[in-house]
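# An overview of the molecular structure
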Amino acid sequence: MTQEKWGQLRERLLKTVGKNNYTTWIEPLKFQELEDGVAVFSVPTNFMGNYVSQNFADLILYELNTSGEDVRRLAFRVAANSPVRPTMIATEEEAEQEVSIAAPAASPALSNTPLDALQTAPLDKRFTFERFVVGKPNELAHAAARRVSEGGPVTFNPLVLYGGVGLGKTHLMHAIAWELRERQPDLNVLYLSAEQFMYRFVQALRERRMMDFKHLFRSVDVLMVDDVQFIAGKDSTQEEFFHTFNALVDQNKQIIISADRAPGEIKDLEDRVKSRLQCGLVVDLHPTDYELRLGILQNKVQQHSATYPDLKIRDGVLEFLAHRISTNVRVLEGALTRLFAFASLVGREIDMELTQDCLADVLRASERKITVEEIQRKVSEYYNIRLSDIIGPKRVRSYARPRQIAMYLCKQLTSRSLPEIGRRFGGRDHTTVMHGVRRIEELKLTDGQIAEDVEMLRRALEA
Ligand code: ADP
Ligand code: MG
């Protein structure tokens, strides 16, 4: 990007943020370079970098991306005080302090859509209740979704569905929307991702159509926002979300939210937003278990059979897949689709041999798919403490022991190094991790309860 282009973008920002903000925050930004998707600006003080990144970063990113630049992140460097320093020194000092903000994945397709096109955010035809297989890990989430989809009096607001990738959050939200449309066609049901929410918001700001935006969002009967963790750290968007949320709750309108983790665990989400989300019913989708995976596979086979009526699938294949493929349903589905396509191409029945051949890479990839986060989650559930206590600084025994067990399991079950593990445990040193791992190794030999706990956890994680 050229300085000239930045100059033009600045003009656009002036219109959006107003003269005062512009003079104080935008004008002093000096564009330095754009490399690997990171736009670097120098700022006179660290404070300013922080302020801009918290309050204007989404806006700046939006402007950059809609003007054709491909920018994922902004970085602010504090420039050296004296203007006449040798470049080398200045660069070193600049490098010391860097504040950055991650960009949303750019959605150029959205940028020119009129605000009112929102009403028709597309729903996936396949994501219905009929096609949702219920099992132990998701039965609560399913029941809550069903209840909300009946459209009766609002009993819990909001409904928050959370859980890892590919466990069916989006599927359930779409299912609710389909059901509501069917039962109550007059209801104004709005489904969108948190990312879309942000783009609409920023667009409204830029086009000075905040009134339209507010009116639109406050006139829906049911608002569904998917993947709300996306707005974490994007302060102005969070603020607007907060107000939209409150306005709708005041009118007793149903709100449904999804997130990839419990609201309380979302980093950089404002406390007031967190506490609002926790006001209603919060249910999680647990990682799938074997039975659920098998159920989903059987269900999908029926659907595939419509497309490939002649294909035969041998006994044991689905069981094998349910056993071997990770907890993510999306991966499971992909594997099955590939299997059917492959079998029909080569004109063979689906047996173990074909399965092993066709899915070699998927099977290999899912062999060791246990993540540090999963381990932390499982261990905290097991000991009935909060995830934040496993990661946090408290040293009391009731947290420290589970923490050490989690570290031990990370060392055993993932390929992460000690420093990497330390980092994921609240930035601890690798020697702390090593100490924890050793401690558990010793205790396993002397303390039957610990040995049993570790074994149970290991089995649960490998299931
Ligand atoms: P998330 O939004 O939680 O990341 P999705 O809702 O997009 O996950 O689900 C990923 C894929 O897995 C979708 O194709 C969805 O239909 C399917 N899926 C997930 N859970 C189930 C289920 N219980 N029954 C049937 N299909 C499911
Ligand atoms: Mg989703």
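Refer to the structure presented above.
Residues numbered from 1 in each chain as written. Chains lettered and ligands numbered in written order. Predicted model: local features only at pLDDT ≥ 70, side-chain atom pairs only at ≥ 80, totals over all residues. Heavy atoms only, no water.

Around ligand 1 sit 18 residues in total, of which Val 133, Gly 166, Thr 170, His 171 and Glu 333 are the nearest. A distance of 3.3 Å separates a nitrogen atom of ligand 1 from a polar side-chain atom of Asn 138. In this structure, an oxygen atom belonging to ligand 1 sits 2.8 Å away from a side-chain N or O atom of Arg 330. Every element with two or more residues in the shell around ligand 1 is listed here: α8 (169-183), α13 (290-307) and α15 (329-346). Of the residues in the shell around ligand 1, the class split is seven nonpolar, six polar and five charged. Shared between two domains, the shell around ligand 1 holds at least three residues of each, these being domain 2 (121-284) and domain 3 (290-366). (Near = heavy atom within 4 Å. Polar contact = N/O pair within 3.5 Å; in protein donor to acceptor, adjacent residues only side chain to side chain. Helix = DSSP H or I, 4+ residues; strand = E, 2+ residues; numbered from the N terminus. Nonpolar A, V, L, I, M, F, W, Y, C, P; charged D, E, K, R; others polar. Domains from an automatic or database assignment.)

Moving on: helix α10 (residues 210-218). Residues of α10 that are buried: Met 210, Phe 213, Leu 216 and Phe 217. All buried residues of α10 fall inside an arc of 130° around its axis, so they share one side. Along α10, exposed side chains directed more than 90 degrees from the buried face belong to Met 211 and His 215. Taken together, the buried residues of α10 touch β6 (189-193), α9 (194-206), β7 (222-226) and α11 (235-250). (Buried < 20%, exposed > 50% of the residue type's maximum accessible area, 1.4 Å probe, protein only. Arc of directions from axis to C-beta. Contact = heavy atoms within 4.5 Å.)

Taken as a whole and judged by the stated rule, the model has 23 salt bridges. Two residues, Arg 218 and Glu 240, come together in a salt bridge whose shortest N-O distance is 3.8 Å. Pair noted here: Arg 218 is in helix α10 and Glu 240 is in helix α11, with a separation of 22 residues, a long-range link. Given a relative accessible area of 21%, Arg 218 falls into the partly exposed group. A relative accessible area of 6% places Glu 240 in the buried class. For Glu 420, the salt bridge is made with Arg 416, and the minimal N-O distance between the two is 3.4 Å. On the basis of relative accessible area, Glu 420 is assigned to the partly exposed category, the value being 26%. For Arg 416, a relative accessible area of 30% puts it in the partly exposed group. Residues joined in a network through salt bridges with shared partners are Arg 12, Glu 63, Arg 206, Glu 207, Arg 209 and Asp 212. (Salt bridge = Lys/Arg side-chain N within 4 Å of Asp/Glu carboxyl O.)

Once that is clear, we can look at the pairing of strand β5 (residues 159-163). For β5, a buried count of five out of five residues is recorded, marking the element as mostly surrounded by other parts of the structure. Judged by which residues are buried, β5 turns out to be covered on both faces: Leu 159, Leu 161 and Gly 163 on one side and Val 160 and Tyr 162 on the other are all buried. Here four bridges tie β5 to strand β8 (residues 254-259), and the two strands are oriented parallel to one another. Following the sheet pairing, Tyr 162 is matched in β8 by Ala 259. With five bridges connecting them, β5 and strand β9 (residues 281-285) associate as parallel partners. Considered in β9, the bridge of Tyr 162 is made with Asp 284. (Pairing = 2+ DSSP bridges.)

So, on to unusual backbone geometry. Of the consecutive residues Asn 157 and Pro 158, the connecting peptide bond is found in the cis state with omega at -5°. Relative to the assigned elements, Pro 158 resides in the loop between α7 (139-149) and β5. Here Asp 268, not a glycine, exhibits a phi torsion of approximately 60°, which is positive. Note on placement: Asp 268 falls in the loop between β8 and α12 (271-277). The phi torsion at Asn 384 lies on the positive side, around 60°, for a residue other than glycine. Among the structural elements, Asn 384 can be located in the loop between α18 (372-382) and α19 (387-391).

Moving on: the pairing of strand β2 (residues 38-43). For β2, the buried fraction is high: six of the six residues fall into the buried class. Here β2 shows no split at all, with Val 38, Val 40 and Ser 42 on one side and Ala 39, Phe 41 and Val 43 on the other all buried. Note that strand β1 (residues 30-35) and β2 share five bridges and pair antiparallel. Within the sheet, the bridge partner assigned to Leu 34 lies in β2 and is Ala 39. Linking β1 back to β2 in an antiparallel pair, the connection comprises two residues, with Asp 36 at a positive phi of about 50°.

On to the sheet that holds β8. Ordered by their spatial adjacency, five strands build an open sheet running β6-β7-β8-β5-β9, and the pairing between neighbours is parallel. Two strands close off the open sheet at either side, each with one partner strand: β6 and β9. Averaged over all adjacent pairs, the angle separating strand axes in this sheet is 15°, with direction ignored. Relative to β7, β6 is paired through five bridges, and the arrangement is parallel. Note on β7: the bridge partner recorded for Leu 192 is Val 225. Across the sheet, α8 lies against β5, β6, β7, β8 and β9, angled at about 160° from β7, the strand it touches most. Strands in contact with α9 are β6 and β7; relative to β6, the strand with the most contacts, it is inclined by about 95°. (Axes fitted to C-alpha atoms, helices over the stretch in contact; angles between N-to-C directions.)

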